[in-house]
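As a plain string of letters, each chain reads:
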Amino acid sequence: MDTIALVESAKAARALAHAPYSNFPVGAALECSDGTVFTGCNVENLSFGLTMCAERVAVGNAVSAGRRDFRRIAIAADTDAPISPCGACRQVLAEFHPSLQILSANLKGQIEEFSLTDLLPRASTGILNRP
Ligand code: THU
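Now for a look at the structure at hand. (Residues numbered from 1 in each chain as written. Predicted model: local features only at pLDDT ≥ 70, side-chain atom pairs only at ≥ 80, totals over all residues. Heavy atoms only, no water.)

**Overview of unusual backbone geometry**
Despite not being glycine, L128 shows a phi value in the positive range, around 55 degrees. One can find L128 in the segment after helix 4 (116-119). Note on L128: relative accessible area 73%, which makes it exposed. For N129, which is not glycine, the phi dihedral falls at a positive 65 degrees. Position of N129 among the secondary structure elements: in the segment after helix 4. (Helix = DSSP H or I, 4+ residues; strand = E, 2+ residues; numbered from the N terminus. Buried < 20%, exposed > 50% of the residue type's maximum accessible area, 1.4 Å probe, protein only.)

Structural data, given as structure tokens:
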């Protein structure tokens, strides 16, 4: 899938967000090595702390369908500058691909690209005594 199409998938997922508390819908589209895409949106909860971010919902969708071979993730939100995933999502994404390519788009047409290695260095160092 080309970059624009992946971003459009993230925008379409964003439209499904349940975000009545923040009014900040986010969409994510996680691409596997064969081009299959799994999407996610944020799912908020009255107790706030139970909120699930779009990225982690996309990971859950993919893993529960038997897929872990991720190539890229696109995320979309309505902000001045493209957002970057929260710390919890960085750690969850690193579980499957520590250098995952992240494309972040806003609705103004800007797309920023990150590597997860830069956003979360040493993702596994020191956890379970790993060097
Ligand atoms: N959120 C995401 O879904 N992904 C991000 O990368 C940033 C934040 C959600 C969580 C919450 O529902 C709302 O955006 C405000 O933080």
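**Some remarks on the pattern of salt bridges**
Pairing between side chains of opposite charge can happen when their charged atoms approach one another. With the rule as written, the count across this model stands at 6 salt bridges. Measuring nitrogen to oxygen at the nearest pair gives 3.5 Å for the salt bridge that ties K11 to E8. Of this pair, K11 and E8 are both found in helix 1 (residues 3-14), 3 residues apart, which corresponds to roughly one turn of the helix. Within the structure, one salt-bridge network assembled from shared partners comprises E31, R71 and R72. (Salt bridge = Lys/Arg side-chain N within 4 Å of Asp/Glu carboxyl O.)

**As for the site of the ligand**
Near the ligand the following residues occur: S22, F24, V26, N42, E44, T51, C53, A54, E55, I83, S84 and P85. In this structure, an oxygen atom belonging to the ligand sits 2.5 Å away from a side-chain N or O atom of E44. Interatomic distance of 2.6 Å between a side-chain N/O atom of E55 and an oxygen atom of the ligand. Isolated, the ligand exposes 370 Å² of accessible area, and the fraction of that covered by the protein chains is 79%. (Near = heavy atom within 4 Å. Polar contact = N/O pair within 3.5 Å; in protein donor to acceptor, adjacent residues only side chain to side chain. Areas by Shrake-Rupley, 256 points an atom, 1.4 Å probe, with all protein chains shown as cover.)

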